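Fold and geometry: a report
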Amino acid sequence: MNENEMLALGLAEAADAVARGEVTSVELTQAAISRARKLGPVLNCFTVLEAADALREAEKADGERKDAKPAGPLHGVPLAHKDLFYRAGKIVACGSKIRRDFVPETTATVLERLSAAGAVNLGALHMAEFAFSPTGYNEHYGHARNPWNTAHVPGGSSSGSGAAVAARIVFGSLGTDTGGSLRHPAAMCGLTGLKATLTRVSRAGVMPLSHSLDCVGPLARSARDCARLMEVIAGADRADATSSARPVPHYEALLEGGGRGLRIGVPRSYYYEAVSAEIKKTLDESLEALRGIGAKVSPVDVPDMNLINSLAHVLMAVEAATLHRRWLETRRDGYSDQVRARIEPGLFYPATRYCEALAMRASLTKEYIDTALKEVDVVHLPAIPIPVPTIEETTRGNPADVARVIGVVGHCTRGINYLGLPSISVPAGFDAKGLPVAFQLVGRPFSEAKLLRAAHAYQQVTGWHRRPPSPKPDPHRIELA
Amino acid sequence: MSKSALELIPGELQAVALNDADVARAAALAAPTNQKVREAADARLRFEDEPALYLACLRDEADDR
């Protein structure tokens, strides 16, 4: 296999090819490093590329395979992750100026689990400052760019993860999702991204934004790839007392079964209020494809999402302001204006409002399940209601217009974090400018297996997830080859 | 709050001086949804609601087939 053929493989395909001896980990890693050197600077997606360490890990993986030692499900596969997962002894800056020299003493549980499963670490990926932007905005280190068109945002806050996986530099990546930070880059970069149920994946060793809302999840090319990553990272963790002790299903083994009998709900209100016509058309086509594989689609009601979004905002703002208060006092200039303006309101909310937002969570989650999910298995929603915006649209011009664009990006995602429900973002086609469009499927708590199965069934008949960013004679298009 | 409970709080925290600009800034930062949220929340919040029920709700409503 040449470099392009190797990097065109999905994560599970690459791991299986290594297991069968069709390709070595060193070959895969060298190909990934080569592309990272070529495209990393164009996309601004790596904060650090650890080529020498990665090659050493790959050589070790190949040696273990040669010696017929037991191999994990990610044996020899190069990955890289958002720069907020702690790795002992390595700088983890969280996209910030304030933490640019921070060296943790511990390693995130999820990174340890990936290593134990055999993954090779290629480095750390760029992100929005302190995970605070749905577009990937980072004033300090520049914006990561969308591989489908570098004038556009890749989505955030896991911006580097979206860009690096979409550009076929790495086979998968972990991101975090507090209001859509994993689903936004998945949707905008044409990838599959799974925000798991709150408590499903350990958050030990992950720089928090808002502990009531933060979730860790996989971002990869397909539902199968996400299933393989989820099976490795999910499960109870003694280092994270909030992690669920519920057994982890064999997600990949549960993928088959197709879409026959799947009951899909489409909300009557709220979600489509901000959807543009061309996104609506693609979403309708995705529903038609789902009907084509035997799913039954019906309209459903949803609770007051404006209230739910506002309560999510209170939790996020107050918890973030609590974490950042000391730096807001002592290192105020270390923040970009846009990020500081998002954190500061949390200093002003009354404690009673915060407690109220926590207190209402059970009843509102139950209400969502009893209305939206009462008669269906999953709810089908837009991922992003508008076409992928340009970097310019989200940074320059009339501040009100910029705020509106940034605000609408999270219209369909942020409320799901308040409810703590799992959601998967699935590529569904392209807009008029050739940028990806996606839908979300939201399910009951711990229904990740069902979401992955539904997404997998859809991906078997559509193939949008297999398309790489296409080289075209456009200054903003990248060439993978 | 009872007088005895108030006495446990340092005096400087009992009377935080906020000038008009600070108050206006706080109000502006909390807008524009705050009033609507307040009304909706006021209409829904029950005495029995408490945060610990949330994790139980996730457990009880689980679907991991």
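Figured I'd write up the structure that's included with this text. (Residues numbered from 1 in each chain as written. Chains lettered and ligands numbered in written order. Predicted model: local features only at pLDDT ≥ 70, side-chain atom pairs only at ≥ 80, totals over all residues. Heavy atoms only, no water.)

Regarding its fold elements, chain B presents five helices and zero strands. Listed N to C, the secondary structure of chain B is α-α-α-α-α in terms of helices and strands. Counting only residues that meet the buried cut, chain B has 20% of its 65 residues in that class. Summing over all exposed atoms, chain B offers an accessible surface of approximately 5000 Å²; the carbon and sulfur share of this is 59%. (Helix = DSSP H or I, 4+ residues; strand = E, 2+ residues; numbered from the N terminus. Buried < 20%, exposed > 50% of the residue type's maximum accessible area, 1.4 Å probe, protein only. Areas by Shrake-Rupley, 256 points an atom, 1.4 Å probe, with all protein chains shown as cover.)

Helix and strand content of chain A: 16 helices and 11 strands. Its C-alpha atoms give chain A principal-axis dimensions of roughly 60 × 60 × 50 Å. Counting every position in chain A, which comprises 481 residues, the buried fraction comes to 65%. Sequence-distant contacts in chain A: of pairs separated by 6 or more residues, those separated by 24 or more amount to 78%. About 16800 Å² of surface is accessible on chain A, with carbon and sulfur atoms providing 52% of the total. Of the side-chain charges in chain A, 55 are positive and 51 negative, and the distance between the mean point of each set is 2 Å. (Contact = heavy atoms within 4.5 Å. Lys, Arg positive; Asp, Glu negative; His and termini not counted. Charge placed at Lys NZ, Arg CZ, Asp CG, Glu CD.)

For the rest of this paragraph, the subject is the sheet that holds strand 11 (residues 436–443) of chain A. Residue and element names in this part refer to chain A. Strands sit in the order 4-6-5-10-11-9-7-8 across an open sheet of eight strands; the sheet is mixed. At either end of the open sheet lies a strand with only one pairing partner, and these are strand 4 (172–177) and strand 8 (296–300). For this sheet, the mean angle separating the axes of adjacent strands, direction not counted, is 30 degrees. Of the strand pairs in this sheet, strand 7 (residues 263–267) and strand 8 are connected by five bridges, and their pairing is parallel. Residue pairing for strand 8: G265 is matched across the bridge by S298. (Pairing = 2+ DSSP bridges. Axes fitted to C-alpha atoms, helices over the stretch in contact; angles between N-to-C directions.)

What follows is about the environment of E64 of chain A. Residues and elements named next belong to chain A. Residue placement: E64 occurs in helix 4 (residues 51–66). On the basis of relative accessible area, E64 is assigned to the partly exposed category, the value being 22%. When the C-alpha atoms of E64 and R331 are compared, they prove to be 48 Å apart, with 267 residues separating the residues in sequence. With residues up to four places along the chain from it excluded, the contact list for E64 reads K69 and H75.

Now for the interface of chain A and chain B. Opposite the 37 residues of chain A that make contact, chain B presents 27 residues. Surface buried jointly by chain A and chain B totals about 2800 Å² across both partners, of which 61% is contributed by carbon and sulfur atoms. Here chain A is connected to chain B by six salt bridges. For D64 of chain B, the salt bridge identified is with R246 of chain A, shortest N-O distance 2.9 Å. There are 10 residue pairs in polar contact (both at pLDDT 80 or more) connecting chain A and chain B. (Buried area = accessible area lost by both parts, 1.4 Å probe. Salt bridge = Lys/Arg side-chain N within 4 Å of Asp/Glu carboxyl O. Polar contact = N/O pair within 3.5 Å; in protein donor to acceptor, adjacent residues only side chain to side chain.)

Time to look at the side chain of S222 of chain A. Residues and elements named next belong to chain A. Among the secondary structure elements, S222 is positioned in the loop between strand 6 (215–220) and helix 8 (223–233). We classify S222 as buried; its relative accessible area is 10%. Here S222 is in contact with T192, Q459 and H465, once residues within four sequence places are set aside.

Our focus in this paragraph is the packing of aromatic side chains. Residues and elements named next belong to chain A. By the definition in use, this model includes seven aromatic pairs over all chains. Between W148 and F430 the ring centres are 4.9 Å apart and the planes differ by 50 degrees, which places this aromatic pair in the tilted class. Of this pair, W148 sits in the loop between strand 3 (120–125) and helix 6 (159–166) while F430 sits in strand 10 (residues 423–430); the two residues are 282 residues apart in sequence, bridging distant segments of the chain. Overall, F430 belongs to the partly exposed group, its relative accessible area being 22%. (Phe/Tyr/Trp six-rings, centres within 6.5 Å; stacked < 30°, edge-to-face > 60°.)

Our focus in this paragraph is the packing of helix 10 (residues 305–330) of chain A against helix 12 (residues 351–359) of chain A. Angle between the axes and distance between the axes: these two values describe a pair of packed helices. All names here are of chain A. Running from amino to carboxyl end, helix 10 crosses helix 12 at an angle of 125 degrees, the nearest separation of the two axes being 9 Å. By the angle class used here, helix 10 and helix 12 are oblique. Handedness of the helix 10/helix 12 crossing: left-handed. Across from L311, V314, L315, V318 and E319 in helix 10, the residues of helix 12 making contact are R353, Y354, A357 and L358. (Parallel < 35°, antiparallel > 145°, perpendicular 65-115°, else oblique. Left-handed = near helix turned anticlockwise from the far one by under 90°.)

Our next topic: the packing of helix 8 of chain A against helix 16 (residues 448–461) of chain A. Residue and element names in this part refer to chain A. Close contact between helix 8 and helix 16 brings their axes to 8 Å; oriented N to C, the two are set at 155 degrees. In terms of orientation, helix 8 and helix 16 fall into the roughly antiparallel class. On helix 16, the residues that touch A223, R224, C226, A227 and M230 of helix 8 are E448, L452, A455, H456 and Q459. Of the residues contributing to the contact of helix 8 with helix 16, the split by class is six nonpolar, two polar and two charged. (Nonpolar A, V, L, I, M, F, W, Y, C, P; charged D, E, K, R; others polar.)

The next subject is the sheet that holds strand 2 (residues 78–82) of chain A. Residue and element names in this part refer to chain A. Across the sheet, three strands lie side by side as 1-3-2; this open sheet has mixed pairing. Pairing within the sheet leaves two strands with one partner each, and these edge strands are strand 1 (46–49) and strand 2. When strand polarity is set aside, the average angle formed by the axes of neighbouring strands in this sheet is 30 degrees. Relative to strand 3, strand 2 runs parallel, the two being bridged by four bridges. If you follow H81 over to strand 3, its bridge partner there is A124. Together, strand 1 and strand 3 form the strand contacts of helix 4, whose direction differs from that of strand 3 by roughly 155 degrees.

It is worth spelling out the environment of G334 of chain A at this point. Residues and elements named next belong to chain A. Within the fold, G334 resides in the loop between helix 10 and helix 11 (337–343). Spatially, the C-alpha atoms of G334 and S96 are 8.0 Å apart, while their sequence positions differ by 238 residues. Ignoring any residue separated from it by four or fewer positions in sequence, one finds G334 in contact with K97, I98, E129 and H140.

What the rule picks out here adds up to 29 salt bridges over all chains. Here R228 of chain A ties to D16 of chain A by a salt bridge, and the two come within 3.0 Å at their closest N and O atoms. You can see R228 of chain A sitting in helix 8 and its partner D16 of chain A sitting in helix 2 (residues 11–19), a full 212 residues away along the chain. The residue E367 of chain A makes a salt bridge to R44 of chain B at a minimum N-O spacing of 2.8 Å. Taken together, the positions of E367 of chain A in helix 13 (residues 361–371) and R44 of chain B in helix 4 (residues 34–44) put the pair across two chains. Here R44 of chain B falls in the partly exposed class, since its relative accessible area comes to 29%.

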